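As a plain string of letters, each chain reads:
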Amino acid sequence: MGENPLSAGGGRRPRAGTRRLLVAGALGVLGTVTALAASVPAGAAAGTLGAAAAQSGRYYGAAIAAGHMNDSTYVATWDREYNAVTPENEMKWDATEPSRGSFRFTSADQIVSHAQSKGMKIRGHTLVWHGQLPSWVGGLSTNDLRSAMVNHINNVMGHYKGKIYAWDVVNEAFADGGSVGSLRSSIFTQKLGNGFIEEAFRAARAADPNAKLCYNDYNIDDANANKTRGVYNMVKDFKARGVPIDCVGLQSHLSQGSVPSNYQQNIAQFAALGVDVQITELDIGGSGSAQADAYRRVTQACTAVPRCTGMTVWGITDKYSWRSGDNPLLFDGNFNKKQAYTAVLDALNAATPNTSPSPTISPTPSPTPSPNTSPNTSPSPRTSPSSTPSPVTGACSATLTTVNSWPGGFQSEVTVRAGGSAVDGWTVKWTWPGGQTISSLWNGTQSVSGSSVTVGNAAYNGSIAAGSSTTFGFTANGSAATPTLTCTSP
């Protein structure tokens, strides 16, 4: 959560992406994290959120504030309902390293110890973020800031090594609005350049090779938003170059009328890059059946995508929520279950068991980057699974691969490859065989006439070197299909 320092309850607000929108698993970490809540007999509906999520191999967590742990009802609800936890503020930089080189973990340890005693997964939040920095960070030189960032990652991750399922390594680095891929101005971009994200992830992998490493942000719920496209392109680039990244966190601070229609497709497009997706800070303002329906839609979107490994609501009770005026959580101010609670529980119980768990993490650290190397946030070709691509006849060729499907829809990726000469601009055409329609498309521009589809290059990926390739992708309605594609270049 974000930038506003105080909540209605007098404590610090949760964290990352506050406010803008509103108005806007591997099942364990190489055996170091306790298993999910006890499974429920086949055919039986679980009676709590955590147990219901566990049936499909997922977790359902809550953000917890150490300052509320003297409230017995708060703790009892946490213990009963959830099988995962994220500390709200207790692991942030100002809380863990208030003065340079002096670390304190008392409040975070309180949450971690309690969670471990209950067999819960623990998400670490957050290592590198422009918010809630101690004042001493602001005066550092470039070299000092780089050293301090790596030292902070090493010490915090080292303290909790073997206890944390996933870390939000970098939080809210992308700018709102603007062009695709633009980062927000912060001390990290000002002193270290855009490459600080890559540096942080490489340092994190070395600090704890077995923890999931996540990028976390708000306002990346809409598959087609510029901010979403920027994060997508960064993740794609990281995966292509071997930069260690395992998951993307969607904060999803929403209102009952603002759940994007392509929310599930958005989860699927990130998952298709080979990373897990976690809904990390969910809260939905509203009330009654409309709020319940919004929570249901988000839950179903996650459970429909195998690599959506878990969900975390940003708090337990409306009473302590940083958005208390919006009543955005599953329990009211008196800890009574709301309609939204029942909607979530029913959706979790209806989920199909996840038979495609995400792969375990390779403990081999990636090569150390040179300082100030800026990651390429423009789309980069995905490594082909074939060791030797087939020769291209003509100026270019195009092949379509289905990367994900669900009842009533699917996601595909198209690889456009140049032949023996470079191409400057390309056009791909095909005809749908059974009434399919594209619902969202990225890295290209489309025109449609009946069942015929034409996709041209975007402004940034029209030039392809001889023998090289680029990709575009889309989600579509209907049954998955692989029509014959033609590619031409002017």
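In this text the structure is predicted, and so the values were computed from the model without any measurement.

## Some words on the overall build of the chain
Next, step 1: Each helix and strand in the chain was counted, giving 11 helices and 19 strands.
Next, step 2: Counting over 490 residues, the chain shows a buried share of 58%.
Next, step 3: Accessible area of the chain: about 17,700 Å², with a carbon and sulfur share of 49%.

## Observations regarding the state of the cysteines
A covalent bond between the sulfur atoms of two cysteines is referred to as a disulfide.
Next, step 1: Scanning the model with the defined rule gives three disulfides in all.
Next, step 2: Between the sulfur atoms of Cys214 and its disulfide partner Cys247 the distance amounts to 1.9 Å. Because the sign of the S-S torsion sets the handedness, a value of about -75° for the bond joining Cys214 and Cys247 places this disulfide among the left-handed ones. Here Cys247 lies in strand E6 (residues 247-250) and Cys214 lies in strand E5 (residues 212-217), a separation of 33 residues in the sequence.
Next, step 3: The disulfide that involves Cys396 links it to Cys487, with 2.0 Å between the sulfurs. Taking the sign of the torsion about the S-S bond as the criterion, the disulfide between Cys396 and Cys487, at about -100°, is left-handed. Placement of Cys396 in strand E10 (residues 396-406) and of Cys487 in strand E19 (residues 486-488) is noted, with a sequence separation of 91 residues between them. When sorted by exposure, Cys396 lands in the same class as Cys487, which is buried.
Next, step 4: For the chain, the bonded cysteines pair up as 1-2, 3-4, 5-6 when numbered in the order they occur along the sequence.

## Here's the deal with the side chain of His68
Next, step 1: Tracing the chain through its elements places His68 in the loop between strand E1 (59-64) and helix H2 (72-81).
Next, step 2: Sequence-distant contacts of His68, defined by excluding residues within four places in its chain, comprise Tyr74 and Tyr320.

## Some thoughts on the pattern of salt bridges
Pairing between side chains of opposite charge can happen when their charged atoms approach one another.
Next, step 1: Within this structure, the stated rule accounts for 17 salt bridges.
Next, step 2: A salt bridge links Arg123 to Asp168, with the nearest nitrogen and oxygen atoms 2.6 Å apart. Of this pair, Arg123 sits in strand E3 (residues 121-129) while Asp168 sits in strand E4 (residues 166-171), and the two are 45 residues apart along the sequence.
Next, step 3: Note on Arg123: relative accessible area 2%, which makes it buried.

## Some words on the packing of H2 against helix H4 (residues 106-117)
Next, step 1: Two elements in contact, H2 and H4, have axes whose closest approach is 11 Å; the angle formed by their N-to-C orientations is 45°. Considering their axes alone, H2 and H4 lie oblique with respect to each other. Handedness of the H2/H4 crossing: right-handed. Residue-level inspection shows Val75, Trp78 and Asp79 of H2 in contact with H4, the latter providing Ile111, His114 and Ala115.

## Structural notes on the nonpolar core
Next, step 1: Tyr60 and Leu330 are the most contacted members of the largest nonpolar core, which has 99 residues in total.
Next, step 2: At seven residues, the largest contribution of residues to this core is made by helix H7 (residues 196-207).
Next, step 3: In this structure Tyr60 touches Leu49, Gly50, Ala53, Tyr82, Asn83, Ala84, Leu282, Met311, Val313, Leu330, Val344 and Leu348, once residues within four positions along its chain are discounted.
Next, step 4: Counting 23 residues, the second largest nonpolar core, distinct from the first, contains Cys396, Ala398, Val428 and Ile438.

## Comments concerning the UniProt feature "active site" (unreviewed entry) in the chain
Next, step 1: Mapped onto the present numbering, the UniProt feature "active site" (unreviewed entry) falls on Glu281.
Next, step 2: On the secondary structure map, Glu281 appears in strand E8 (residues 276-285).
Next, step 3: Relative accessible area serves as the criterion here: at 1%, Glu281 is assigned to the buried category.
Next, step 4: At a separation of 2.8 Å, a polar atom in the side chain of Glu281 contacts the side chain of His253.

## Considerations on the pairing of strand E18 (residues 469-477)
Next, step 1: The element E18 is extensively covered by neighbouring structure, given that eight of its nine residues are classed as buried.
Next, step 2: The sheet contact formed by strand E11 (residues 409-418) and E18 spans nine bridges and is antiparallel. Its bridge partner lying in E18, Ser412 is registered against Phe474.

## Re the pairing of strand E9 (residues 308-313)
Next, step 1: Summarising burial for E9: six of the six residues are buried, a large majority.
Next, step 2: Pairing of E1 with E9 involves four bridges; the strand directions are parallel. Across the sheet, residue Ala62 finds its bridge partner in E9, namely Val313.
Next, step 3: In terms of handedness, the path from E8 via helix H10 (residues 288-303) over to E9 forms a crossover that is right-handed.

## Here's the deal with the packing of aromatic side chains
Next, step 1: If you walk through the whole model with that rule in mind, you get 16 aromatic pairs.
Next, step 2: Residues Phe188 and Phe196 carry aromatic rings whose centres are separated by 5.3 Å and whose planes lie at 20° to one another, so their mutual orientation is stacked.
Next, step 3: Owing to a relative accessible area of 3%, Phe196 belongs among the buried residues under this scheme.
Next, step 4: Between the aromatic rings of Trp432 and Phe474, the centroid separation amounts to 5.9 Å while the plane-to-plane angle is 80°, which identifies the pairing as edge-to-face. Of this pair, Trp432 sits in the loop between strand E13 (427-431) and strand E14 (437-442) while Phe474 sits in strand E18, and the two are 42 residues apart along the sequence.
Next, step 5: The exposure class of Trp432 is buried, given its relative accessible area of 5%.
Next, step 6: Clustering of aromatic rings is evident, with ring pairs tying together Trp93, Trp136, Phe188 and Phe196.
Next, step 7: Over the aromatic face of Tyr232 sits the side chain of Arg229, whose NZ or CZ is 4.4 Å from the ring centroid.

Criteria and thresholds
Residues numbered from 1 in each chain as written. Predicted model: local features only at pLDDT ≥ 70, side-chain atom pairs only at ≥ 80, totals over all residues. Heavy atoms only, no water. Helix = DSSP H or I, 4+ residues; strand = E, 2+ residues; numbered from the N terminus. Buried < 20%, exposed > 50% of the residue type's maximum accessible area, 1.4 Å probe, protein only. Areas by Shrake-Rupley, 256 points an atom, 1.4 Å probe, with all protein chains shown as cover. Disulfide = S-S within 2.5 Å. Contact = heavy atoms within 4.5 Å. Salt bridge = Lys/Arg side-chain N within 4 Å of Asp/Glu carboxyl O. Axes fitted to C-alpha atoms, helices over the stretch in contact; angles between N-to-C directions. Parallel < 35°, antiparallel > 145°, perpendicular 65-115°, else oblique. Left-handed = near helix turned anticlockwise from the far one by under 90°. Core = buried A, V, L, I, M, F, W, Y, C linked by side-chain atoms within 4.5 Å. UniProt positions renumbered as here; feature names shortened; annotations may be inferred. Polar contact = N/O pair within 3.5 Å; in protein donor to acceptor, adjacent residues only side chain to side chain. Pairing = 2+ DSSP bridges. Right-handed = clockwise from strand over helix to strand, strands pointing away. Phe/Tyr/Trp six-rings, centres within 6.5 Å; stacked < 30°, edge-to-face > 60°. Lys NZ or Arg CZ within 6 Å of the ring centre and 35° of its normal.

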